[in-house]
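Chain residues, written in single-letter form:
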Amino acid sequence: MCTRVMWPDANGSVIVGRNMDFHQDLHTNLWKLPRGIKRDDRVAGKLQWTAKYGSLIAGVYDLLSTDGLNERGLGGHILWLAESDYGTPDDSKPQLAMSVWLQYYLDNFETVAEAVAWTESAQPQIVPIADPTGHSNPALHLAIEDASGDSAIFEYIDGELQIYHSRDHLVMTNSPSYDQQLELVKKYEGLGGDDPLPGTCLATDRFARALYYVGVQPEPTSHLQATAAMMSIIRNCAQPFRNPEPGKPDASQTLWQVVLDLTNLRYTFESTTRPNTVWVDLHDLDFSEGSGETKLDLIGKLALDGGIAGEVHKDFAKHHRFHIVSIEQAKLIGELVQKASADIKHITKPVEEYENKIQDLVTEKLASFVNAE
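Since the structure is predicted, the reported quantities are computational estimates derived from the model, not experimental observations.

Analysis parameters
Residues numbered from 1 in each chain as written. Predicted model: local features only at pLDDT ≥ 70, side-chain atom pairs only at ≥ 80, totals over all residues. Heavy atoms only, no water. Phe/Tyr/Trp six-rings, centres within 6.5 Å; stacked < 30°, edge-to-face > 60°. Salt bridge = Lys/Arg side-chain N within 4 Å of Asp/Glu carboxyl O. Helix = DSSP H or I, 4+ residues; strand = E, 2+ residues; numbered from the N terminus. Buried < 20%, exposed > 50% of the residue type's maximum accessible area, 1.4 Å probe, protein only. Pairing = 2+ DSSP bridges. Core = buried A, V, L, I, M, F, W, Y, C linked by side-chain atoms within 4.5 Å. Contact = heavy atoms within 4.5 Å.

Enquirer: Looking at this model, I keep getting lost on the packing of aromatic side chains. Mind explaining?
Expert: Between two aromatic rings, the relevant description is the distance of the centres plus the angle of the planes. A complete count under the given rule lists 16 aromatic pairs for this structure. Ring plane angle 65 degrees and centroid distance 6.0 Å describe the contact between Tyr-104 and Phe-109, whose orientation is recorded as edge-to-face. Their ring planes at 45 degrees and their centres at 6.1 Å tell us that Phe-109 and Trp-118 sit as a pair that is tilted.

Enquirer: I would appreciate a short explanation of the pattern of salt bridges in the present structure.
Expert: Once their charged atoms are close, side chains differing in charge can pair, the charge on each being opposite to the other. Across all of its chains, the model carries ten salt bridges by this definition. The salt bridge partner of Arg-72 is Glu-110, with a shortest N-O separation of 3.0 Å. With a gap of 38 residues between them, Arg-72 in the loop between strand 7 (64–70) and strand 8 (75–80) and Glu-110 in the loop between helix 1 (101–108) and helix 2 (112–122) connect regions that are remote in the sequence. A salt bridge links Glu-270 to Arg-235, with the nearest nitrogen and oxygen atoms 2.7 Å apart. Highlighted residues: Glu-270 in strand 16 (residues 266–271) and Arg-235 in helix 5 (residues 223–236), separated in sequence by 35 residues. Assessed through its relative accessible area of 44%, Arg-235 is described here as partly exposed.

Enquirer: Would you mind going over unusual backbone geometry with me for this structure?
Expert: Comment: phi is negative for the bulk of residues other than glycine, and the bulk of peptide bonds are trans. With an omega of -5 degrees, the peptide bond running from Ser-175 to Pro-176 counts as cis. The topology assignment puts Pro-176 in the loop between strand 14 (171–172) and helix 3 (178–184). If you check the backbone angles, His-27 has positive phi at about 50 degrees while not being a glycine. The residue His-27 is located in the loop between strand 2 (13–21) and strand 3 (30–33) in this model. Backbone geometry at Arg-42 places phi at a positive 65 degrees, although glycine is not the residue there.

Enquirer: Just checking my understanding: could you explain the pairing of strand 16 for this structure?
Expert: Moving residue by residue along a regular strand, the side chains alternate between the two faces of the sheet. Of all six residues in strand 16, five are buried; the element is thus mostly enclosed. Hairpin connection between strand 15 (residues 254–261) and strand 16: a loop of four residues separates the two successive antiparallel strands, and Leu-265 in this loop has a positive phi of roughly 60 degrees. The pairing of strand 16 with strand 17 (residues 277–281) spans five bridges and is classified as antiparallel. What sits directly across from Glu-270, in strand 17, is Thr-277.

Enquirer: Sorry, what's going on with the pairing of strand 2 here?
Expert: Burial analysis of strand 2 places nine of its nine residues in the buried class, the great majority of the element. On strand 2, burial covers both faces: Ser-13, Ile-15, Gly-17, Asn-19 and Asp-21 on one face and Val-14, Val-16, Arg-18 and Met-20 on the other are all buried. Bridge count between strand 1 (residues 3–10) and strand 2: six bridges; the pairing is antiparallel. Following the sheet pairing, Met-6 is matched in strand 2 by Val-16. In sequence, strand 1 turns back onto strand 2 through a hairpin of two residues, with Asn-11 there showing a positive phi of about 55 degrees. Relative to strand 15, strand 2 runs antiparallel, the two being bridged by seven bridges. Along strand 15, the bridge assignment pairs Val-16 with Leu-260.

Enquirer: Sorry if this is basic, but what is going on with the nonpolar core here?
Expert: Formed by 105 residues in total, the largest nonpolar core has its most connected members in Leu-30, Leu-96, Trp-101, Tyr-105, Phe-154, Met-230 and Tyr-267. For this core, the leading source of residues is helix 5, giving six residues. In contact with Met-230, not counting residues within four places along its chain, are Val-5, Met-6, Trp-7, Ile-15, Val-16, Gly-17, Val-214 and Val-259.

In structure tokens, the structure reads:
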């Protein structure tokens, strides 16, 4: 599930690309989240904070943050890692539900160094959530980077937090764990070895290709050229549509890709299942406390029929708040989806109508959580 690539020296800009790979539509919209929002850990509420920085995020089912950029130039990305083992939950330690893991970092930190310092000191535990789609057990790792070109990757292996902090950590994909990826890539030509550059969809092969191609880019002469170059790299690492491999949601087609300019604070989003590319400059969004949460609808009928594309800051609309689900709420939604899937599996209409029916049920349940809180 996914590839993340950082290009730290794109003619004075830090450019990051990311693919989202999954076996079914994640109904991703973009959200503007302002400063001043109060949040908690979504486990037991012991860890609480108020967002210091506003952020632009890509959501999953409007239930959690999976990718984003804050107004200070800190980017973050949640990717799949099957080897993840978060250990036995211990409520004597700071905890973060998987659903709010990325958002905590976007809310609270300006630089990777700050984020790593807090993580090393606090040693937070990540608590997995039930998959709202009801089809998998999420196992994730987190990559962050900042406008200085610094980078860090957080993984939980055998119950222990592993932190890889270096400006040289330009690429993250999926299995195996990051320390093994760094060793495996050395066998390829141009990266330390003699083997030809590999071409399959395997995470190790995508890792090698991304690292090779980001290292041989000519200096761009414009922001447009830098964005196009990064798009070419992540498209090279994209996965084609196909029947998903059983039990491997990470071995699935690419749904969308993004390019982040951490220096100039531009976020570009391109869907592979819907026709248009959109971008927004964070400078054009109001992140002030009390400005409200706004949503760029990328999946609704009006968005598709209207052909939304290009620069879109004026298309963000006021919406109920972005509700990050708690551990218990994710479980309830997962149970709802499983039951609904069994009840309507006989539908012979196009798969989009089936998926929309499920999403309507999720949205209705989410609204009840919002109203209750």
